[in-house]
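Analysis of the macromolecular model
Take a look at the letters that make up each chain.
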Amino acid sequence: MPFLRKKDSKQSSRILKDNDLPSLVKYIQSEKCKSIVVMLGAGVSTSAGIPDFRSPDTGLYANLARLKLPYPEAVFEINFFRKNPVPFYTLAQELYPGKFRPTITHSFIRLLSKKGLLQKCFTQNIDTLERVAGVPGDKVIEAHGSFAHQRCIECKVEFDDVEMKRLVLAKQVPKCKECGGLVKPDIVFFGESLPEEFIKAIPSIQNADLMIVMGTSLTVHPFASLAFYATDDCPRVLVNLDKVGDFGSRGDDVLLLGKCDDIVIELAQALGWEKELRNLWDQTALPEGSEEAGTTTADPATDVAEEVEKLTQKIGQALELNEDLSGKLKAKQQSTSESEEDVLKCVEDYHV
């Protein structure tokens, strides 16, 4: 159910002089702006090479539609995961933290925190790049969960971080050491509840002096509804390729349309923060020899398109392998009269 913003009891007066970058800069530099809430969507991470999921033609779901899945979103559907975790872990192996460098926009969020201005960073993204960029964990609210932690889907016992990474990168499906159940990152799947931390943090938006919304289509609820929750006295800024939601309907809305990284650099320059921002971003460089070290974002659209195609092919191959294995196991069970438990045991060490 969408969240409704709090209406002020009296008519609020204009906060910004104009709906433009100079007026925004002046406000951020003033004593009136002490608490900033940020909302991040997939558009913040695409320049890092991470595909978004919902773009009609280029998103991951659109490409997965051609595979042998009941529906593209099944990769993130809890009941499908219970039956076949292979497609998800094929995807997870490619998107696992450590393979992608945060963008300069992520470093801007860290800079806001460093300057004591960041109240909360609400993110739709599961890539943990906010944390990798150095944004304090207590400032990050992952609305759809993330790869940061994981647990058994049956007994809920947490699973070791190092062991989880080792198994995922080795293309193995992690199993609980306590009950043998499937282990899943704390990513919110279809059919699961949103994190309690997210729900509890929503009222705090009403204490913000400024809201910055970046790289999101504002179509997925309840996350999209957060933009309505800012009070009338809280200017809202949209940093996005396109105008979305109801931005432009309030007197103090500022629309900065374009690529997130480009606009963030322009904003940092106007604030006199560019040197600090670039220093923070330099600290996120991946170690020499890592898979993504040395990559650039000169043409992120091409990089993301190639990444989506690669992911789609790998998930398709995994589905074919899994289908072939299931057929062989079924034939073996019929020919040898083995029990279902014996057959399932044969799959224990099945690799993605």
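This one's a predicted model, so the numbers in the text were calculated from it and none came from an experiment.

What about unusual backbone geometry?
A negative phi angle characterises most non-glycine residues, just as the trans form characterises most peptide bonds. A cis amide bond links H221 to the next residue, P222, at an omega of 10°. By the element assignment, P222 lies in the loop between β6 (210–214) and β7 (236–240). Despite not being glycine, T128 shows a phi value in the positive range, around 65°. Looking at where T128 falls in the secondary structure, it is placed in the loop between β2 (118–123) and α6 (129–132).

Some remarks on the packing of aromatic side chains
All told, the structure shown has 10 aromatic pairs when counted by the stated rule. With a centroid separation of 5.7 Å and an interplanar angle of 85°, the aromatic rings of F76 and F189 are classed as edge-to-face. With a gap of 113 residues between them, F76 in the loop between α2 (60–64) and α3 (78–83) and F189 in the loop between β5 (183–187) and α8 (196–201) connect regions that are remote in the sequence. Both residues of the pair, F76 and F189, belong to the buried class. Ring centres of F108 and W273 lie 6.3 Å apart, and the angle between their planes is 35°; on these two criteria the pair is classed as tilted. A residue pair is termed long-range when its members are at least 10 positions apart, and F108 in helix α5 (residues 104–114) and W273 in the loop between α9 (260–271) and α10 (274–282) qualify at 165 residues. W273 gets classed as buried once you look at its relative accessible area, which sits at 10%. A cation over a ring is seen here: R101 above W281, with NZ or CZ 3.8 Å from the ring centre. A cation over an aromatic ring shows up here: K184 above the ring of F189, its NZ or CZ 4.5 Å from the ring centre.

Thoughts on the environment of F76
The buried category is assigned to F76, whose relative accessible area is 6%. When the C-alpha positions of F76 and G191 are compared, they lie 9.1 Å apart, and in sequence the two are 115 residues distant.

Digging into α9
End to end, α9 covers 16 Å across 12 residues, agreeing with the expected 16 Å (1.5 Å per residue, within 8%). Listed in full, the buried residues belonging to α9 are C260, D261, I263, V264, I265, L267, A268 and L271. Close packing links the buried residues of α9 with α1 (21–28), α5, β6, β7, β8 (253–257) and α10. Within two residues after α9, G272 carries a phi angle of roughly 80°, on the positive side.

A word on the packing of α1 against α9
Direction vectors running N to C along α1 and α9 enclose 55°, while the axes themselves pass 10 Å from each other. In terms of axis orientation, α1 runs oblique to α9. Crossing angle aside, the handedness with which α1 passes α9 is right-handed. Here α1 contributes L21, L24, V25 and I28 to the contact with α9, which in turn contributes E266, L267, A270 and L271. Residues of the contact of α1 with α9, tallied by class, amount to seven nonpolar, no polar and one charged.

Points about helix α4 (residues 86–95)
Counted residue by residue, α4 has 10 buried out of 10 residues, so it is predominantly covered. For α4, every residue scored as buried is listed here: V86, P87, F88, Y89, T90, L91, A92, Q93, E94 and L95.

Looking at the environment of I104
For I104, the position within the fold is in helix α5. In this structure I104 comes out as buried when scored by relative accessible area, which is 3%. For I104, the residues in contact, after removing those within four places along its chain, are D261, V264, I265, L277, R278 and W281.

Quick notes on the side chain of S35
Turning to its location among the elements, S35 is positioned in the loop between α1 and β1 (36–40). Not counting residues within four places of it along the chain, the set of residues in contact with S35 comprises L117, Q119, N207, A208, D209 and L210.

Observations regarding the nonpolar core
Counting residues in each nonpolar core, the largest one holds 38 residues, and the members touching the most others are V38, I109, L210, M214 and W273. It is α9 that provides the largest number of residues to this core, a total of seven residues. For L210, the contacting residues outside a window of four places in its chain are L24, Y27, I28, C33, S35, I36, V37, C234, P235 and V237.

Comments concerning the packing of α5 against α9
In contact at an axis separation of 8 Å, α5 and α9 are set at 40° when each is read in the N-to-C sense. The orientation of α5 relative to α9 falls into the category oblique. Residues I104, T105 and F108 of α5 touch α9, and the partners they reach there are C260, D261, V264, I265 and L267.

Observations regarding the pairing of β6
Counting buried residues along β6, five of its five residues qualify, which places the element largely inside the surrounding structure. Side chains L210, I212 and M214 of β6 all project onto a buried face; the interleaved residues M211 and V213 project onto the opposite face, where all are buried too. Note: β1 against β6, five bridges, orientation parallel. When the bridges of β6 are listed, L40 appears paired with M214.

Reading guide: rules and limits
- Residues numbered from 1 in each chain as written.
- Predicted model: local features only at pLDDT ≥ 70, side-chain atom pairs only at ≥ 80, totals over all residues.
- Heavy atoms only, no water.
- Helix = DSSP H or I, 4+ residues; strand = E, 2+ residues; numbered from the N terminus.
- Phe/Tyr/Trp six-rings, centres within 6.5 Å; stacked < 30°, edge-to-face > 60°.
- Buried < 20%, exposed > 50% of the residue type's maximum accessible area, 1.4 Å probe, protein only.
- Lys NZ or Arg CZ within 6 Å of the ring centre and 35° of its normal.
- Expected span 1.5 Å × (residues − 1).
- Contact = heavy atoms within 4.5 Å.
- Axes fitted to C-alpha atoms, helices over the stretch in contact; angles between N-to-C directions.
- Parallel < 35°, antiparallel > 145°, perpendicular 65-115°, else oblique.
- Left-handed = near helix turned anticlockwise from the far one by under 90°.
- Nonpolar A, V, L, I, M, F, W, Y, C, P; charged D, E, K, R; others polar.
- Core = buried A, V, L, I, M, F, W, Y, C linked by side-chain atoms within 4.5 Å.
- Pairing = 2+ DSSP bridges.

These figures come from the coordinates and say nothing about function on their own.
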